[in-house]
Amino acid sequence: MVSAEKLKRKSCLLSRKIFDEIRNIPPGARNTFVLIALFMITAILLFFTYGNSFFIIALLFILGAGSLSYKRWYKGIPLGIEQVTMTTFVVSKAFGLLPGLIFGVITAITGQYILGNDFDADAIPFFLGVAFVGFFAYSMPFPDIVSVAICSLIVSIATSFIDFLRPEQRFAGILYIFTHFGLTISLWMPVGSFLLRMAG
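Residues numbered from 1 in each chain as written. Predicted model: local features only at pLDDT ≥ 70, side-chain atom pairs only at ≥ 80, totals over all residues. Heavy atoms only, no water.

**Brief notes about a nonpolar patch on the surface**
Side chains of Phe33, Ile36, Phe39, Met40, Ile44, Phe48 and Ile62 sit close together on the surface and give an oily, nonpolar patch of about 740 Å² of accessible area. When residues in the nonpolar patch are grouped by element, the largest group, six residues, is from helix H2 (residues 27-50). Counting through the fold element by element, Phe39 comes out in helix H2. Its relative accessible area of 30% is what places Phe39 among the partly exposed residues. (Patch = residues over 30% accessible without salt bridge, like charges linked within 9 Å, V, L, I, M, F, W, Y side chains within 5 Å. Areas by Shrake-Rupley, 256 points an atom, 1.4 Å probe, with all protein chains shown as cover. Salt bridge = Lys/Arg side-chain N within 4 Å of Asp/Glu carboxyl O. Helix = DSSP H or I, 4+ residues; strand = E, 2+ residues; numbered from the N terminus. Buried < 20%, exposed > 50% of the residue type's maximum accessible area, 1.4 Å probe, protein only.)

The following block contains the structure:
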């Protein structure tokens, strides 16, 4: 009885010490650990599910999440240079709607919150737009370039939705839609279509 009570007390003290140590870790380092953990979990799941295709999915993840890292340093008028939309479209077309949905949401959250350190109100509509693309891109019956254009409009309009509710932010919303649409379409032929061929 005594030894069991001592063991319980020691385990409580150890747990408290671990939580205190975690709290003392700088936020930047904590974000890095979370990013690595997310990436490793995703990598293991994708490797066992898709084998060699894991490498192309990993590349798409890095491209998509990395395209949002500029938000950590740039806090001006939002620009639609993120490529989570295009990479999510590729994964959905190549691997199906469920992998597309999971990939899109994880990539968007990683890029927006961890790499971009951006917690603006437009993040949630952005995640929803990307989730929609991941789920429905697989079954879109149009040529790829048309489907990508539709997906880009869906994500950019969803992301800009809150901006349109505030008159002083409407120009920023319009700019985001135009830059996102233009860049995504421009990159599709030389980059996106090539990645889709690799994934397929």
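**Describing the pattern of salt bridges**
Applying the stated criterion across every chain yields a total of two salt bridges. Measuring nitrogen to oxygen at the nearest pair gives 3.3 Å for the salt bridge that ties Asp118 to Lys71. One end of the pair, Asp118, is in the loop between helix H5 (97-115) and helix H6 (123-136); the other, Lys71, is in the loop between helix H3 (53-66) and helix H4 (84-95), with 47 residues separating them in the sequence. Considered together, Asp118 and Lys71 belong to a single accessibility category, that of buried residues. A salt bridge links Arg166 to Asp163; the nearest nitrogen and oxygen atoms lie 3.4 Å apart. Using a relative accessible area of 36% as the deciding quantity, one classes Arg166 as partly exposed.

**Some details on the packing of aromatic side chains**
This structure, assessed with the given rule, holds seven aromatic pairs. Seen in terms of ring centroids, Tyr70 and Tyr74 are 6.3 Å apart; in terms of plane orientation they differ by 35 degrees. Their pairing is tilted. For the ring pair Phe132 and Phe136, a centre distance of 4.5 Å and an interplane angle of 35 degrees mean the geometry is tilted. Highlighted residues: Phe132 and Phe136, both in helix H6, separated by four residues, approximately one helical turn. Since its relative accessible area comes to 35%, Phe132 is described here as partly exposed. Through successive ring pairs, a cluster of aromatic residues spans Tyr113, Phe119, Phe126 and Phe127. (Phe/Tyr/Trp six-rings, centres within 6.5 Å; stacked < 30°, edge-to-face > 60°.)

**Focus on the environment of Ala131**
Locating Ala131 in the fold gives a position in helix H6. Take Ala131: its relative accessible area is 15%, and that puts it in the buried class. Along the primary structure Ala131 and Val105 are separated by 26 residues, whereas in three dimensions their C-alpha atoms are 5.8 Å apart. Ignoring any residue separated from it by four or fewer positions in sequence, one finds Ala131 in contact with Leu101 and Val105. (Contact = heavy atoms within 4.5 Å.)

**Examining the packing of helix H7 (residues 144-165) against helix H8 (residues 170-199)**
Angle between the axes and distance between the axes are the two parameters that describe a pair of packed helices. For the pair H7 and H8, interaxial distance at closest approach is 9 Å and the crossing angle is 155 degrees. As the angle between them shows, H7 and H8 are arranged roughly antiparallel. Seen from above, H7 lies across H8 with right-handed handedness. Its residues assigned to classes, the contact of H7 with H8 shows 16 nonpolar, seven polar and three charged. (Axes fitted to C-alpha atoms, helices over the stretch in contact; angles between N-to-C directions. Parallel < 35°, antiparallel > 145°, perpendicular 65-115°, else oblique. Left-handed = near helix turned anticlockwise from the far one by under 90°. Nonpolar A, V, L, I, M, F, W, Y, C, P; charged D, E, K, R; others polar.)

Distances and angles like these do not, on their own, reveal function.
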